[in-house]
Amino acid sequence: LENAIEACMYVKGDQPKIKLCAKKRTDCIFITIDNTFNGILENNDGVLMSKKRGYKKSGYGNKSMDAIAEKYGGQIKREINGNIYQVSIIINNNID
């Protein structure tokens, strides 16, 4: 959420928006975060670079989400549609 909030601070014209959706099923948890952004993303071989680090290094937020998804047997997907950045996470709900 911190990345989504920060991205919305740079949105001009359109209203900044963040949508959080979480659903629990018997065997997994689905979390989706959509946020508007200014349309500028920098990546290096598919890895998003952090604006806070001058687009020279990746940020900790995405690394943390990747680690959580992996730890709990889940998956993470990132998509861009226009000025909307979406992160979807599926986490196994049957962790011992």
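Keep in mind the model is a prediction, meaning the values are calculated, not measured. (Residues numbered from 1 in each chain as written. Predicted model: local features only at pLDDT ≥ 70, side-chain atom pairs only at ≥ 80, totals over all residues. Heavy atoms only, no water.)

Undergrad: Mind laying out the overall build of the protein chain, listing which residues take part and the relevant values?
TA: From N to C terminus, the protein chain includes two helices and six strands. In the protein chain, the succession of helices and strands from N to C terminus is α-β-β-β-β-α-β-β. In the protein chain, which comprises 96 residues, the share counted as buried stands at 25%. Expressed as a percentage of contacts within the protein chain between residues at least 6 apart in sequence, the contacts between residues at least 24 apart total 44%. A total of about 7000 Å² of accessible surface is found on the protein chain, and carbon and sulfur atoms cover 51% of it. (Helix = DSSP H or I, 4+ residues; strand = E, 2+ residues; numbered from the N terminus. Buried < 20%, exposed > 50% of the residue type's maximum accessible area, 1.4 Å probe, protein only. Contact = heavy atoms within 4.5 Å. Areas by Shrake-Rupley, 256 points an atom, 1.4 Å probe, with all protein chains shown as cover.)

Undergrad: Please provide a residue-by-residue account of a nonpolar patch on the surface, values included.
TA: Side chains of L1, I5, M9, Y10, I18 and L20 sit close together on the surface and give an oily, nonpolar patch of about 600 Å² of accessible area. Only helix 1 (2-9) and strand 1 (18-24) provide two or more residues apiece to the nonpolar patch. Positionally, L1 belongs in the segment before helix 1. (Patch = residues over 30% accessible without salt bridge, like charges linked within 9 Å, V, L, I, M, F, W, Y side chains within 5 Å. Salt bridge = Lys/Arg side-chain N within 4 Å of Asp/Glu carboxyl O.)

Undergrad: Run through the environment of C21, naming residues and quoting values.
TA: Relative to the elements of secondary structure, C21 occurs in strand 1. Along the chain, C21 and S88 lie 67 residues apart, while their C-alpha atoms are 9.4 Å from each other. Once you skip the residues sitting within four places of it in the chain, C21 turns out to touch F30, I31 and T32.

Undergrad: I'd like a description of the packing of aromatic side chains, backed by residues and values.
TA: Tallying each qualifying case throughout the model produces one aromatic pair. Measuring from ring centre to ring centre gives 6.4 Å for F37 and Y85, while their planes differ by 75°; the resulting arrangement is edge-to-face. On the criterion of sequence distance, the pair formed by F37 in the loop between strand 2 (28-36) and strand 3 (43-44) and Y85 in strand 6 (residues 84-92) is long-range, its members being 48 residues apart. Of the two residues, F37 and Y85, neither departs from the other in class, the shared state being buried. (Phe/Tyr/Trp six-rings, centres within 6.5 Å; stacked < 30°, edge-to-face > 60°.)

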